[in-house]
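Commentary on secondary and tertiary structure
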Amino acid sequence: MTDSLADPHLRYPGTEPSEHSGNGSGTAAASQTGAPRDIVILGSTGSIGTQAVDVVLKNPGRFRVTALAASGGRVELLAEQAHRLGVRTVAVAREETVPALRAALGAAYGTAEPLPDLLAGPDAATELAASPCHTVLNGITGSIGLAPTLAALEAGRVLALANKESLIVGGPLVKAVAGPGQIVPVDSEHSALFQALMGGTRAEVRKLLVTASGGPFRGRSRAELADVTPREAMAHPTWDMGPVITVNSATLVNKGLEVIEAHLLYDIPFEDIQVVVHPQSAVHSMVEFTDGSTLAQCGPPDMRLPIALGLGWPERVPDAGPVFSWTEAMSWDFFPLDEEAFPSVPLACRVGALGGTAPAVFNAANEECVEAFLAGRLPFTGIVDTVAAVVEEHGTPDGTGLTLPDVLAAETWARARARELAARSATATAEARA
């Protein structure tokens, strides 16, 4: 597993700035003294971030949050988190929210306590990602999480990665700076693979089996998906997530992204990664080994367990999440993926195999199409159709090395093109109804 970005057989210690030598060496002060592990949480007011705060508050002797970063859309919650955790620094991406955040911090802290330092702007989370700590939890949604991911890795931090877009759009960039064992995956599927892979060596792995709930539209044909509404798409049967991820789960784009991420994290060829539909979301993913054994990681659908593992690795955090009641009857089902109704997974595999800027184009176009769908400007089936059209128009990337400007330029083009095609689709639909 030594060629993998995420390797459960390796232990990356985490470094402080004074100890970092640029090659992944060093030992965190927390591991030497038994003090709480210092954590930075990026995206603290989102789904991953709020659950991470819950994990930390339940384990005050184990974790200590030094800084929080958020977009700025929920300043009251951010101020409350900062006060409860006693952080040193708070950051927001949207500078216009600073006055509201200062007022919220003042209300939360009162006049007797000093306020934390405040950073603002699009680079604030990236600055925090390199700040002194042991582990950075990247729970930001979207490709804006790439720069913080790179900053945390370059600074020698352990990266608990929930921001899959970091790998999707910038896989080669991440691979270039990540040390062996430096990334611990936090997505439930990749955390499950991470745990199951402990059962064997890289040479013994035959296949990765990534489970999917099937979303709210499992079993429907493509024709039956044509008139799906945003409200229906947001009604995920097992997980409570943000709007973009929830819609991505309904289209199974999220599963396509996870296949690309699994390929990059574990260095397994796309042909050896299979999606299996599992409605109960109890088996979070599986690894099939060459002798025929299949190891599965199971648990109730609750993100606190993979979050806690990401923060505490290589140790487990007791009682991090709920457990099954084995005294009650239950059954689990597994179905093959209907690629005709949900073509996003084979499209993602093709995009991942193309590499270069193709994954960035795929991801950016999808984000724009999801926004258009939620706003009523694009039909549900139009999401993946439009993404496929943008990917096709982008063509095959050249073979030169990928750079961050390449990624940003490809994303900018893909977003603009997706908006154009979505607007054209909206006009055509309106004319057809007239």
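Look a little higher up for the structure.
Here goes a summary of the coordinates provided.

Scoring rules and cut-offs
Residues numbered from 1 in each chain as written. Predicted model: local features only at pLDDT ≥ 70, side-chain atom pairs only at ≥ 80, totals over all residues. Heavy atoms only, no water. Salt bridge = Lys/Arg side-chain N within 4 Å of Asp/Glu carboxyl O. Helix = DSSP H or I, 4+ residues; strand = E, 2+ residues; numbered from the N terminus. Buried < 20%, exposed > 50% of the residue type's maximum accessible area, 1.4 Å probe, protein only. Arc of directions from axis to C-beta. Contact = heavy atoms within 4.5 Å. Axes fitted to C-alpha atoms, helices over the stretch in contact; angles between N-to-C directions. Parallel < 35°, antiparallel > 145°, perpendicular 65-115°, else oblique. Left-handed = near helix turned anticlockwise from the far one by under 90°. Nonpolar A, V, L, I, M, F, W, Y, C, P; charged D, E, K, R; others polar. Pairing = 2+ DSSP bridges. Phe/Tyr/Trp six-rings, centres within 6.5 Å; stacked < 30°, edge-to-face > 60°.

Thoughts on the pattern of salt bridges
- Per the counting criterion, the structure on display carries 16 salt bridges.
- Between E368 and R419 there is a salt bridge, and its shortest N-O distance comes to 3.3 Å. Of the two residues, E368 is situated in helix α14 (residues 358-374) and R419 in helix α16 (residues 404-433); the sequence distance between them amounts to 51 residues.
- A salt bridge links R417 to E420; the nearest nitrogen and oxygen atoms lie 2.7 Å apart. Separated by 3 residues within a single helix, R417 and E420 lie in helix α16, roughly one turn from each other.
- Via salt bridges that share partners, D54, K58, D302 and R304 belong to a single interconnected network.

Re helix α3 (residues 75-85)
- Looking at α3, one finds that the buried residues are V75, L78, A79, Q81, A82 and L85. With its buried residues spanning 160° around the axis, α3 presents them on a single face. Seen from the open side of α3, the exposed residues pointing more than 90 degrees away from its buried face are E76 and R84.
- As for α3, its buried residues are in contact with α2 (47-57), β2 (63-70), β3 (89-92) and α4 (98-109).
- With its phi angle positive at about 65°, G86 sits one or two positions after the end of α3.

Observations regarding the packing of helix α7 (residues 165-177) against α14
- Between α7 and α14, the least distance of the axes is 8 Å, while the angle of their chain directions is 150°. For the element pair α7 / α14, the angle class is roughly antiparallel. As for how α7 packs across α14, the hand of that crossing is left-handed. Contacts between α7 and α14 pair E165, I168 and V169 from the former with P359, A360, N363 and E367 from the latter.
- A per-class count over the contact of α7 with α14 returns 4 nonpolar, 1 polar and 2 charged.

Regarding the environment of R417
- For R417, a relative accessible area of 16% corresponds to the buried category.
- For the pair formed by R417 and G86, sequence separation is 331 residues and the distance between their alpha carbons is 44 Å.
- If we skip the residues at most four places from it in the chain, R417 touches V390, E393 and R424.

So, the sheet that holds strand β12 (residues 335-336)
- Taken together, 5 strands build an open sheet; the order of strands is β11-β10-β8-β9-β12 and the sheet is mixed. The open sheet has two edge strands with one neighbour each: β11 (294-298) and β12.
- Where strand β10 (residues 283-289) meets β11, 5 bridges bridge the pair, whose relative direction is antiparallel. Residue pairing across strands places S285 opposite Q297, the latter belonging to β11.

Observations regarding the packing of aromatic side chains
- Scanning the model with the defined rule gives 6 aromatic pairs in all.
- Relative to W326, the ring of F324 has its centre 5.4 Å away and its plane inclined at 70°; by these criteria the two rings are edge-to-face.
- On the basis of relative accessibility, which here comes to 62%, the residue W326 falls in the exposed class.
- What links up through ring pairs into an aromatic cluster is the set F217, F373 and F380.

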